[in-house]
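# Residue-level structural notes
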Amino acid sequence: MAADTQVSETLKRFAGKVTTASVKERREILSELGKCVAGKDAASRRALQAAIQQLAEAQPEATAKNLLHSLQSSGIGSKAGVPSKSSGSAALLALSWACLLVRIVFPSRAKRQGDIWNKLVEVQCLLLVEVLGGSHKHAVDGAVKKLTKLWKENPGLVEQYLSAILSLEPNQNYAAMLGLLVQFCTSHKETDVVNRHKARGLADGKGQPCFALSTLLDFYMKNILMSKVKPQKYLLDNCAPLLRYMSHSEFKDLILPTIQKSLLRSPENVIETISSLLASVTLDLSQYALDIVKGLASQLKSNSPRLMDEAVLALWNLAHQCSDSSAMEALTRHLFAILGGSEGKLTIVAQKISVLSGIGSLSHHVVSGPSSQALNGTVAELFIPFLQQEVHEGTLVHAVSVLALWCNRFTTEVPRKLTEWFKKAFSLKTSTSAVRHAYLQCMLACFRGDTLLQALDLLPLLIQTVEKAASQSTQVPIVTEGVAAALLLSKLSVADSQAEAKLSNFWQLIVDEKKQIFTSEKFLLMASEDALCTVLHLTERLFLDHPHRLTGNKVQQYHRALVAVLLSRTWRVRRQAQQTVRKLLSSLGGFKLAYGLLEELRAVLSSHKVLPLEALVTDTGEVTESGKAFVPPRVLQEALCIISGVPSLEGDVTNTEQLAQEMLIISHHPSLVAVQSGLWPALLARMKIDPETFITRHLDQIIPRITTQSPLNQSSMNAMGSLSILSPDRVLPQLISTITASVQNPALCQVTREEFAIMQTPAGELYDKSIIQSAQQDSTKKANMKRENKAYSFKEQIIELELKEEIKKKKGIKEEVQLTSKQKEMLQAQLDKEAQIRRRLQELDSELEAALGLLDTILAKNPSGLTQYIPVLVDSFLPLLKSPLAAPRIKNPFLSLAACVMPPRLKALGTLVSHVTLRLLKPECALDKPWCQEELSLAVKRAVILLHSHTDPVCFLLTDAAPLSAPAFSLVFPFLKMVLTDMPHQSEEEEERVAQILQILTVHAQLRASPTSPPGHMDENGPELLPRVAMLRLLTWVIGTGSPRLQVLASDTLTTLCASSSGKDGCAFAEQEEVDVLLSALQSPCGSVRDTALRGLMELHMVLPALSTDEKNGLNLLRRLWVVKFDKEEEIRKLAERLWSTMGLDLQPDLCSLLIDDVIYHEAAVRQAGAEALSQAVARYQRQAAEVMGRLVEIYQEKLYRPPPVLDALGRIISESPPDQWEARCGLALALNKLSQCLDSSQVKPLFQFFVPDALNDRNPNVRKCMLDAALATLNTHGKENVNSLLPVFEEFLKNAPNDASYDAVRQSVVVLMGSLAKHLDKSDPKVKPIVAKLIAALSTPSQQVQESVASCLPPLVPAIKEDAGGMIQRLMQQLLESDKYAERKGAAYGLAGLVKGLGILSLKQQEMMAALTDAIQDKKNFRRREGECL
């Protein structure tokens, strides 16, 4: 519309300003008009016609005069021009202008005169000739329509056209317009118009007006019939109306003499005109036939093949105008006389064949009734003498075929002479195989209908012919005879029961599926056109008349025969085959036949390939051997269309749809797709099946049927592509699921480079040649070599051997290595192993190839909705790029995703990002070298900058900057992820690059679906298809590892991303996997990660799982939030409390046991919060305490166990022990510490029995410390009430524990515990003294840790034993100064220190300790005393 408006405005300006005085304005407007006229589109043509109309209205006479002159001077509408395709289209356009001039310039009768009017009519005549001679049928119909419309709109215009044309100087180019005018007058019943132009107005014998035909006939005779130049066929065809109403007198007086003279003067110019004339008249020409034939017959003997053919055609047209049998008999006798030599002996074969063809043309006479039967019999008998004397095979064959034309007209009887001649002819020497076949075809023409039973006399001859064909089935000519004989016999079998009784052997030969006499591939390939037609007719009769004989596998051969004839290279044969197949399909059992034909067509297509023209035709234009056997794709398409039309299936939905399923794959064969890509939908339309409904109903059967084929061929792939276009919503989900299932096969990722190399090694060849190399080394060993001759030394022998080996190498002689039997066994075993690997990998490769072939087809079709599956495909592809087997196949499909999903303006950027992604992944395949020339870091930088500038409109003021669609972003996301995770970010430039990536992520996290999206439709510009889970994982990683600036940016991005999954308008609903990522982030050691995860969960609070609807995930959410409520950071605790309140959550009893997993988590922050959370949960649900305590003890034992290293038979370490899980045990100790407040008295002793000796003797000092803290906390809470039960536990351990260093840690802890326990007792409690005694006794333990612990426990207990303190000091002093053991003296020193600390510093003097120590230091004789004093 925009183009029309622009052109229209240009023409309006031209019309208004073309006469302006301004030269500049005229130049501009003419320039604009030139640009307008240059256009060849419809809009420009319409605008140009509008301009001409305006010119004609403004300056009618000048416009008409100049336009007509311009048309003639340009060569269009010239008398001397030769019509062509280009001139024809131009003439049609010019004709519309001329019609426009008639309407505008000559609107009234008065103005239609003068030179310009005559010139206009003349130009129109010439333009019409151009159109007729150079244009296609549609253009010709258009021209006739324009003129007819013009004449109908203007009454009297036809009369003026006639007057104008007849007043012009006669020219044969006007004949077409005259014919069209007469045709118009005839069809519109305006004969009076022509009558008014009579020159000699006579009536014919029938009383009908002559239409001024004398004048028109005179024009025809002088300019067409007597033309010195051969008129063109299109002129002859269009001037036929001039002859339609010719009278007998005019024909006799005017036309006939002219015909005779013209044939004598210049037959080459006039014979086609005469043929056209004979076809156009509506007179019975019987009375003139002999006179006309005498002139034409001489042309049958011409030396020009064209004249012969035209003469034969003219005789055919003449026969159609003759209804008198005697006249026709005279004609045929005249031609037979010529054939017999009445006008000179015919010595040239071509002349005889031409005369015979003329006789054949006369067989198309219009004689009817008994006269026709008599005429046909008479003429048939005239052939017999000629056939008796003729010896030339080609002439005989042609003569018999002409005879068959006359025999085909028999209706009641076949002449007895002819039947006898058939018997005799087969025994003549001149009757070769080709001649006999012609006779058999003639018999088929004779014996049919009422004359069929007359063929019973020929029954023995026919049976003999078939049996001969069976015995010589490799001879194509003999089999060709047999087919014709078999066809006639099959007809006789139905007509006569006696004949049927004699044909038992015949039927066995016909239906024998092993011999296949008439349906063998060789015969059908080499058979002539007539033979194929006969096979077709035989098959038709078998299916219609003898279906009971074609049972089981016997029918298949005739299915093959039908398909072979349907695929014939000759249109005449194919047309008959199509008609026959349609007829058979419309009969009973049409579905079975269609199914069988489809099977045979599938077999043909399985080996069919589209060949280039040079493979079909040589440079000289001859058909090659490949070309002879090649079936054009168009023929295949025609055959399939015919087979699909089964009229009997109307209303039978089941069989119709089954047939449609069968045609699905066949119709998508590459050869058929090359002709018509939408063939299958077109077939469905013909079968009245709605494609989408059909696909919906049968998709579950169609997809497995296609995808389970092995190998998957191109037809199946094309079929899937077509299905995806016709019903993408139904097909794509299943198809993509099938593809991803194959691509995600774990076995593909497990292929090693060695296995891939084995697969590439040819079968039977060894990849691992270590066995052969070992054998070669063994063969070249010189050790223990037997000395061959005493005359030579061992050294000389070695030198000789080395010389021989060097000579062999120079000559290229490879000595075959001799393997031992054991090496041969090893070699065979290795070959078998490699063969198994090769077979397994080839199966994987073929499965992958099929899946990717389907994907390539889908990507090429690019059906609507495909892009929403790109994220799934990207996720499936990336892992395979590390597989040596899959990477080479995956690379190109991965690269092709960019063209499918990226917007047109960013396709180049998508290709860049895809290639850089591959470079970053370092796949197990070769990359495109041009894309690897740029340094990787520079390519990454460029790609990031381009993505940032084209997708973030906030940062860059580009007019076309806009976010990508979600599928497009999923394609570039792996690139962004690898840049963030795999590349360094130390410098400011690198950090800025990370910031740009985070901005890109933020922009795309803000995608929202359109509110106008239809229900059930996924908006690709919304967040639904974003890789949100991977983005959340990436962002939490950045927050946990990035700089403070990046942490802030990533936190904002993550919150924005969570908002896109909040379930609000335009947002997606968060999937459980997204929630799980955020919940996992709450276990991060980084506080920023936990904080951001909580904020993200706050955004999602409306879509988080609830305990009532999703128990498992709801309980997990409850657990994570409960734990984070006790985080060590206050801000996080506040956020968690707010979210807890917002969601209205409540603690559940089941949570207590689940919190144990947090207690043993590997991160300290989680263990600490988990312990506190567990204690608070148990405090609320006290009944859970015992179960939780028992479970903690069980888990401790599990975590304490450390499997020993795995050793081989020689004691060498194969694999080390797993690392000690001491962090988990620390968490358990921390939990026990916190739980101490929640225990009842019954649980205290079992807990301390766990502490002593197991937990307090842990191999890790950190665990021991935490366990001691837990025990002390428990003791401080429950010690006073449980002294009587706990003290025996400690005493028993100190009494029975082995006295070695491994138990020192436990002793130390027990001592501390005993001391702590004693603190809870009153001073007067009798248990204090035994505890102190135990502590004093423990001082003898040779462990500094134990002794220090005792010393630290004694001071608080001293007030309770003040009375006995002196005695204890004396005993310890004695042990300090006199004991033989250093450990005891050291322990005594620690004990004295503890007692003195408890008694006070004055006790040193009161207990005379200082004096004793002074004496000991001065004792020169005893070193122990001095040493003790120092301790």
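Being a predicted model, the structure only gives us computed values, none of them experimental. (Residues numbered from 1 in each chain as written. Predicted model: local features only at pLDDT ≥ 70, side-chain atom pairs only at ≥ 80, totals over all residues. Heavy atoms only, no water.)

A word on the overall build of the protein chain. A count of helices and strands for the protein chain gives 74 helices and two strands. Across the protein chain, every contact between residues at least 6 apart in sequence was considered, and the portion connecting residues at least 24 apart equals 72%. If you sum the accessible surface of the protein chain, you get close to 68,000 Å²; carbon and sulfur atoms cover 52% of it. (Helix = DSSP H or I, 4+ residues; strand = E, 2+ residues; numbered from the N terminus. Contact = heavy atoms within 4.5 Å. Areas by Shrake-Rupley, 256 points an atom, 1.4 Å probe, with all protein chains shown as cover.)

Turning our eyes to something else, we now look at the packing of helix 8 (residues 157-167) against helix 9 (residues 175-187). The interhelical angle for the contact between helix 8 and helix 9, taken along N-to-C directions, is 150 degrees, at an axis separation of 11 Å. In terms of orientation, helix 8 and helix 9 fall into the roughly antiparallel class. With respect to the hand of their crossing, helix 8 and helix 9 are arranged in left-handed fashion. Within the contact between the two elements, helix 8 uses Val-158, Tyr-161, Leu-162 and Ile-165 and helix 9 uses Met-177, Leu-178, Leu-181, Phe-184 and Cys-185. Per-class residue counts for the contact of helix 8 with helix 9 are nine nonpolar, no polar and no charged. (Axes fitted to C-alpha atoms, helices over the stretch in contact; angles between N-to-C directions. Parallel < 35°, antiparallel > 145°, perpendicular 65-115°, else oblique. Left-handed = near helix turned anticlockwise from the far one by under 90°. Nonpolar A, V, L, I, M, F, W, Y, C, P; charged D, E, K, R; others polar.)

Contact geometry for helix 38 (residues 691-707) and helix 39 (residues 714-726): axes closest at 11 Å, N-to-C directions at 150 degrees. Judged by the sense of rotation from one axis to the other, the crossing of helix 38 with helix 39 is left-handed. Contacts from Pro-691, Glu-692, Ile-695, Ile-702, Ile-703 and Ile-706 in helix 38 reach Ser-716, Ala-719, Met-720, Leu-723 and Leu-726 in helix 39. Broken down by class, the residue content of the contact of helix 38 with helix 39 amounts to nine nonpolar, one polar and one charged.

Moving on to helix 35 (residues 653-666). With 14 residues, helix 35 ought to run about 20 Å at 1.5 Å a step, and its terminal C-alpha atoms sit 20 Å apart, in line with that. With 10 of its 14 residues buried, helix 35 lies for the most part within the structure. Taken together, the buried positions of helix 35 are occupied by Thr-656, Glu-657, Leu-659, Ala-660, Gln-661, Glu-662, Met-663, Leu-664, Ile-665 and Ile-666. Contact partners of the buried residues in helix 35: helix 31 (590-606), helix 34 (633-644), helix 36 (670-673), helix 37 (679-686), helix 38 and helix 39. (Expected span 1.5 Å × (residues − 1). Buried < 20%, exposed > 50% of the residue type's maximum accessible area, 1.4 Å probe, protein only.)

Turning to the side chain of Thr-740, a few remarks are in order. Tracing the backbone shows Thr-740 in helix 40 (residues 728-743). Classification of Thr-740 as buried rests on a relative accessible area of 8%. Discounting chain neighbours no more than four positions away, the residues touching Thr-740 are Val-872, Leu-873 and Ser-876.

Okay, unusual backbone geometry next. Of note, the amide linkage connecting Val-1252 to Pro-1253 takes the cis form, showing an omega dihedral of 10 degrees. You can see Pro-1253 is positioned in the loop between helix 64 (1241-1251) and helix 65 (1261-1278). For Lys-688, which is not glycine, the phi torsion reads 60 degrees and is therefore positive. When you line up the elements, Lys-688 lands in the loop between helix 37 and helix 38. Judged by relative accessible area, which is 70%, Lys-688 ranks as exposed. One non-glycine residue with positive phi stands out, namely Lys-922, at about 50 degrees. Tracing the backbone through its elements, the reader meets Lys-922 in the loop between helix 48 (907-921) and helix 49 (929-932). Residue Lys-922 is classed as exposed on the basis of its relative accessible area, which comes to 62%.

Right, let's talk about the pattern of salt bridges for a bit. A complete count under the given rule lists 49 salt bridges for this structure. With its nearest N and O atoms 3.3 Å apart, the salt bridge here joins Asp-218 to Lys-222. In this pair, Asp-218 and Lys-222 both sit in helix 11 (residues 213-225), four residues apart, roughly one turn of the helix. Among the residues examined, Asp-218 registers a relative accessible area of 32% and is labelled partly exposed. A salt bridge links Arg-574 to Glu-638, with the nearest nitrogen and oxygen atoms 3.2 Å apart. Taken together, the positions of Arg-574 in helix 30 (residues 571-586) and Glu-638 in helix 34 put the pair 64 residues apart, joining distant regions of the chain. Residues Arg-574 and Glu-638 agree in their burial class; the two are buried. Where salt bridges share partners, they join Arg-416, Glu-420, Lys-423 and Asp-457 into one cluster. (Salt bridge = Lys/Arg side-chain N within 4 Å of Asp/Glu carboxyl O.)

Glancing now at helix 65. Between its first and last C-alpha, helix 65 extends 25 Å over 18 residues, near the 26 Å set by a 1.5 Å rise per residue. Along helix 65, the residues that are buried comprise Val-1263, Met-1267, Leu-1268, Ala-1270, Ala-1271, Leu-1272, Ala-1273, Thr-1274, Leu-1275 and His-1278. With a side-chain oxygen positioned 2.8 Å from the backbone nitrogen of Asn-1262, the residue opening helix 65 is Asn-1260. (Polar contact = N/O pair within 3.5 Å; in protein donor to acceptor, adjacent residues only side chain to side chain.)

Turning to the packing of aromatic side chains, a few remarks are in order. The relation between two aromatic rings is expressed through the spacing of the ring centres and the mutual angle of the planes. All told, the structure shown has 18 aromatic pairs when counted by the stated rule. Clustering of aromatic rings is evident, with ring pairs tying together Phe-106, Trp-117, Trp-151, Tyr-161 and Phe-184. The ring of Trp-1140 carries Lys-1125 above its face, with NZ or CZ at 4.6 Å from the centroid. (Phe/Tyr/Trp six-rings, centres within 6.5 Å; stacked < 30°, edge-to-face > 60°. Lys NZ or Arg CZ within 6 Å of the ring centre and 35° of its normal.)

One finds Phe-251, Phe-975 and Phe-1251 to be the most contacted residues of the largest nonpolar core, which totals 409 residues. If we skip the residues at most four places from it in the chain, Phe-251 touches Met-246, Leu-256, Pro-257, Ile-259, Leu-277, Leu-283, Leu-285, Tyr-288 and Ile-292. In terms of nonpolar packing, the next biggest core, distinct from the first, is built from five residues, Val-1332, Ile-1336, Leu-1339 and Tyr-1390 among them. (Core = buried A, V, L, I, M, F, W, Y, C linked by side-chain atoms within 4.5 Å.)

With that settled, the discussion passes to empty space enclosed by the protein. Applying the stated rule across the entire model yields four cavities of 30 Å³ or more. Approximately 70 Å³ is the volume found for the largest cavity. As for the largest cavity, its lining consists of Leu-1082, Ser-1084, Arg-1090, Arg-1120, Val-1123, Val-1124, Asp-1127, Ala-1165, Val-1166 and Ala-1169. Secondary structure elements with two or more residues in the lining of the largest cavity: helix 57 (1111-1124) and helix 61 (1164-1180). (1 Å grid on protein atoms, 1.4 Å probe; cavity = no way out; pocket = protein on both sides within 12 Å on 5 of 7 lines; lining within 4 Å. Points joined across faces, edges and corners; volume = space filled by probe spheres on them.)

So, about the confidence of the model for the protein chain. Averaged over every residue, the pLDDT of the protein chain is 82; residues scoring 70 or more account for 85%. This model gives residues 198-213 a pLDDT under 50, and the stretch forms 29 contacts once residues within four places in sequence are excluded. (pLDDT = per-residue confidence, 0-100.)

We now examine the environment of Asp-291. Within the secondary structure layout, Asp-291 lies in helix 15 (residues 286-300). Judged by its relative accessible area of 33%, Asp-291 is partly exposed. For Asp-291 and Leu-256, which are 35 residues apart along the polypeptide, the C-alpha to C-alpha distance reads 8.3 Å. The contact partners of Asp-291, leaving out residues within four places of it in the chain, are Leu-256 and Gln-260.

Further remarks concern the environment of Ala-898. Residue position: Ala-898 is located in helix 47 (residues 887-901). Look at Ala-898 and you get buried, because its relative accessible area is 0%. In this structure, Ala-898 is in contact with Gly-910, Thr-911, Ser-914 and Leu-971, ignoring residues within four places of it in sequence.

Right, let's get into the side chain of Thr-580. Its location among the elements puts Thr-580 in helix 30. A relative accessible area of 6% places Thr-580 in the buried class. A polar contact of 2.9 Å, which involves the side chain of Thr-580, links it to the backbone oxygen of Gln-576. For Thr-580, the residues in contact, after removing those within four places along its chain, are Leu-536 and Glu-540.

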